[in-house]
Number of protein chains: 2
Amino acid sequence: MKITIIGAGNVASHLAVALFRAKYDIVQVYSRTNKHAAFLAKKVDAQPVSEIEAIESNADLYIIALKDDIIVDIVRSLHLPGKIVVHTSGSSSMSALASVSERIGVFYPLQTFSKEKEMSFSEVPVFIEGCDKGTTVILNQFAHTISNHVYEADSAKRKAIHIAAVIACNFTNYLYQVSSDYLSEHGISFDVLKPLIRETAQKIMETEPVNAQTGPAARGDWRIIEDHLKILENKPELMRLYQLLSEGIASQHK
Amino acid sequence: MKITIIGAGNVASHLAVALFRAKYDIVQVYSRTNKHAAFLAKKVDAQPVSEIEAIESNADLYIIALKDDIIVDIVRSLHLPGKIVVHTSGSSSMSALASVSERIGVFYPLQTFSKEKEMSFSEVPVFIEGCDKGTTVILNQFAHTISNHVYEADSAKRKAIHIAAVIACNFTNYLYQVSSDYLSEHGISFDVLKPLIRETAQKIMETEPVNAQTGPAARGDWRIIEDHLKILENKPELMRLYQLLSEGIASQHK
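Quick look at the structure, then. Everything numeric here is computed off the predicted structure, so don't read it as measured data.

A look at unusual backbone geometry
Phi at A:Asp45 takes a positive value of approximately 60°, unusual for a residue other than glycine. Here B:Lys23, not a glycine, exhibits a phi torsion of approximately 75°, which is positive. Turning to its location among the elements, B:Lys23 is positioned in the loop between α1 (10-21) and β2 (25-30). Look at B:Lys23 and you get exposed, because its relative accessible area is 75%.

Structure below.
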């Protein structure tokens, strides 16, 4: 199976490398930024292209791994009749690709990819959707060649998963950042929190999060909560965050 | 060194077991709930007591591991002149113990303890404070016998660490719960998020959280954010949470 990768960002890079390692023939890598296309193409022995018109019809599968708003733009200029064309977005519907081909689908890998950090793709859950049974079967088989965790999910289900992922990953990382900034203002290294962060994530591998909850709000210790809110008085945004999340926890642990 | 543990909750239990394994002589375990005192005392070969008056003055060190509001209550009835008396609270000041002894301090282990889950105490950061140099030295040496990560922190610093820990641990776990509930409403297993949660926590062991941030808000992808907010319209609390955290992330990634 010959594959062309449209995009050279975090998702595109990790996916292209995983496919290359799985011995797929990566034909082209497209990015509107020449340098990015060249960088990734080199890694996977493909031809770099930075003009949409230069994307050839010599691949079997086209994977569009771009920001959602750029997908809309690129789809206008892309026509690949007969080819299987998928995007990797959690939130765009499959039908966003309708004008590109009659064999469309979605290949949504649920993971937080960073360019610098290597990752074993086999452990990444992948959610696939195909426009018809034949395409779904092909995408399912294809996904299984690089991931051990393949699920089918239509656009509505995938969107729910994306929202849950934003909460559990993006928002969680933001809390890490807020706590790191807060410590740093007090001259304390973020390192002291790392065992706690590791254990917090580790705990819910075996325990339901609601049963793993600890801390003042879960104990109903409002004296501490009020005390913390008073300390945060001069940081209105952090105070709002503290209040909202404490109230959320308290309402679950009466 | 003979030790009496006042409390039989999560912190008291993990600490008592760690001390017992380190060959300390645990004299008594106090809990106002007889059953809890008995359960923990049995584990560490100590005498269970459930009346404050039954706490004897035959130990060298008294560790009060109780909820902050109960510390205030118990301190009124506890007089242990000449003994070293510490509490394990992140938020109570050391001076809360002033009426109990003239040798007071704090032994604050920074971790999320669950009764069911075993844990290696040696990796738990411990923040100590003593009322004078001699007490501080003794507490420092003592803490080093069960933890590899001992720091000194006065009450103000410890409170800052506690706030950061609430954010990075308690609030993070709440986000896990919210995402788990949301998936469950859509008939999707929380298991699909676990590799993502693991990687999110793992990433910041090496990368600053601000550099590890991914997702729609970090990319400035407001189309997706608006789309998600619309989907969450019938869940006003989750919507507020989504909005507040997305705005927080976006303001850091312009």
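A few points about the packing of aromatic side chains
A complete count under the given rule lists 12 aromatic pairs over all chains for this structure. Measuring from ring centre to ring centre gives 5.2 Å for A:Tyr242 and B:Phe171, while their planes differ by 70°; the resulting arrangement is edge-to-face. Here B:Phe171 lies in helix α5 (residues 155-185) and A:Tyr242 lies in helix α10 (residues 236-252), a pairing that spans two chains. Ring geometry for B:Tyr24 against B:Phe142: centres 5.4 Å apart, planes inclined by 70°, an arrangement best described as edge-to-face. In this pair, B:Tyr24 sits in the loop between α1 and β2 while B:Phe142 sits in helix α4 (residues 133-144), placing the two residues 118 residues apart along the sequence. For B:Phe142, a relative accessible area of 3% gives the class buried. Ring pairs connect the aromatic residues A:Tyr24, A:Phe107 and A:Phe142, which therefore count as one cluster.

Some points on the sheet that holds strand β6 (residues 103-109) of chain B
Residues and elements named next belong to chain B. The eight strands are arranged β3-β2-β1-β4-β5-β6-β7-β8 in an open sheet whose pairing can be described as mixed. Whereas interior strands pair on both sides, the edge strands pair on one side only; in this sheet they are β3 (47-49) and β8 (149-152). Shown here is a sheet whose adjacent strand axes are inclined to one another by a mean of 25°, direction ignored. Pairing geometry for β2 and β3, over three bridges, is parallel. Note that in β3 the partner of Gln28 across the bridge is Gln47. Sheet strands touched by α1: β1 (2-6), β2, β4 (61-64) and β6. Its angle to β1, the strand with the most contacts, is close to 165°.

Looking at the interface of chain B and chain A
Think of interface size as the accessible area that goes away when the parts come together; that is how it is often given. Each partner contributes to the interface: chain B provides 86 residues, whereas chain A provides 86 residues. Carbon and sulfur atoms make up 68% of the area that chain B and chain A hide from each other, which totals about 8500 Å². Summed over the shared surface of chain B and chain A, the result is two salt bridges. Salt-bridge contacts for B:Asp227 lead to A:Lys159; the nearest nitrogen and oxygen are separated by 2.9 Å. Inspection of the region where chain B meets chain A yields 26 residue pairs in polar contact (both at pLDDT 80 or more). Of all the secondary structure elements, the ones that give two or more residues to the side of chain B that touches chain A are α3 (68-76), β7 (125-130), α5, α6 (194-203), α7 (209-212), α8 (216-219), α9 (222-231) and α10 (236-252) of chain B. The biggest single contributor to the side of chain B that touches chain A is α5(B), with 26 residues.

Considering the side chain of B:Thr172
By the secondary structure assignment, B:Thr172 is in helix α5. Not counting residues within four places of it along the chain, the set of residues in contact with B:Thr172 comprises A:Thr172, A:Leu175, A:Tyr176, A:Thr200 and B:Ile167.

Overview of the state of the cysteines
Tallied over the entire structure, the rule returns zero disulfides over all chains. Of the cysteine sulfurs around A:Cys169, a residue in no disulfide, the closest is that of B:Cys169, at 18 Å.

A word on the sheet that holds strand β4 (residues 61-64) of chain A
All names here are of chain A. Judged by pairing direction, the sheet is mixed, and its eight strands sit side by side in the order β3-β2-β1-β4-β5-β6-β7-β8 without closing on themselves. Pairing within the sheet leaves two strands with one partner each, and these edge strands are β3 (47-49) and β8 (149-152). Taking the axes of each pair of neighbouring strands and ignoring which way they run, one obtains an average angle of 25° across the sheet. Relative to strand β5 (residues 84-87), β4 runs parallel, the two sharing four bridges. Its bridge partner lying in β5, Leu61 is registered against Ile84. Sitting on the sheet, helix α2 (residues 34-43) is in contact with β2 (25-30) and β3, with an inclination near 165° to β3.

Here we look at the nonpolar core
If you look at the biggest cluster of nonpolar residues, it comprises 126 residues, and the most contacted ones within it are A:Leu193 and B:Leu193. Setting aside residues no more than four positions away along its own chain, B:Leu193 makes contact with A:Leu110, A:Ala164, A:Ala165, A:Ala168, B:Ser179 and B:Leu183.

Description of the pattern of salt bridges
Residues and elements named next belong to chain A. This structure, assessed with the given rule, holds 12 salt bridges over all chains. With a shortest N-O distance of 2.7 Å, Lys235 and Glu185 are connected by a salt bridge. Here Lys235 is found in the loop between α9 (222-231) and α10, whereas its partner Glu185 is found in helix α5 (residues 155-185), with 50 residues between them in sequence. The exposure class assigned to Lys235 is partly exposed, which follows from its relative accessible area of 22%. Note that Asp191 and Lys194 form a salt bridge whose closest N and O atoms lie 3.0 Å from each other.

With respect to empty space enclosed by the protein
Applying the stated criterion across every chain yields a total of one cavity of 30 Å³ or more. One number sums up the size of the largest cavity: a volume of about 30 Å³. Residue lining of the largest cavity: A:Val166, A:Asn170, A:Phe171, B:Gln213, B:Thr214, B:Pro216, B:Ala217, B:Ala218, B:Tyr242, B:Ser246 and B:Ile249, and that is the complete set. Elements represented by at least two residues in the lining of the largest cavity include exactly α5 of chain A together with α8 and α10 of chain B.

Regarding the relation of the copies chain B and chain A
Between chain B and chain A, which share one sequence, the superposing operator has a rotation angle of 180° and an axial displacement of 0.0 Å; the RMSD is 0.0 Å. Such a turn and shift between the copies fits a two-fold axis. The position closest to the rotation axis in chain B is occupied by the C-alpha of B:Thr172, lying 2.7 Å away. Mapped onto chain A, 100% of the interface residues of chain B again fall at the interface, so both copies present the same surface.

Some details on the packing of α9(B) against α10(B)
For any two helices packed against each other, the geometry comes down to the angle between their axes and how far apart the axes lie. All names here are of chain B. As a packed pair, α9 and α10 sit with axes 10 Å apart at the nearest point and diverge in direction by 165°. With respect to α10, the element α9 is oriented roughly antiparallel. Here the hand of the crossing between α9 and α10 comes out left-handed. Where α9 approaches α10, its residues Trp222, Ile225, His228 and Leu229 are matched on the opposing element by Met239, Tyr242, Gln243, Ser246 and Ala250. A per-class count over the contact of α9 with α10 returns six nonpolar, three polar and no charged.

Parameters at a glance
Residues numbered from 1 in each chain as written. Chains lettered and ligands numbered in written order. Predicted model: local features only at pLDDT ≥ 70, side-chain atom pairs only at ≥ 80, totals over all residues. Heavy atoms only, no water. Helix = DSSP H or I, 4+ residues; strand = E, 2+ residues; numbered from the N terminus. Buried < 20%, exposed > 50% of the residue type's maximum accessible area, 1.4 Å probe, protein only. Phe/Tyr/Trp six-rings, centres within 6.5 Å; stacked < 30°, edge-to-face > 60°. Pairing = 2+ DSSP bridges. Axes fitted to C-alpha atoms, helices over the stretch in contact; angles between N-to-C directions. Contact = heavy atoms within 4.5 Å. Buried area = accessible area lost by both parts, 1.4 Å probe. Salt bridge = Lys/Arg side-chain N within 4 Å of Asp/Glu carboxyl O. Polar contact = N/O pair within 3.5 Å; in protein donor to acceptor, adjacent residues only side chain to side chain. Disulfide = S-S within 2.5 Å. Core = buried A, V, L, I, M, F, W, Y, C linked by side-chain atoms within 4.5 Å. 1 Å grid on protein atoms, 1.4 Å probe; cavity = no way out; pocket = protein on both sides within 12 Å on 5 of 7 lines; lining within 4 Å. Points joined across faces, edges and corners; volume = space filled by probe spheres on them. Least-squares fit on C-alpha atoms with pLDDT ≥ 70 in both. Parallel < 35°, antiparallel > 145°, perpendicular 65-115°, else oblique. Left-handed = near helix turned anticlockwise from the far one by under 90°. Nonpolar A, V, L, I, M, F, W, Y, C, P; charged D, E, K, R; others polar.

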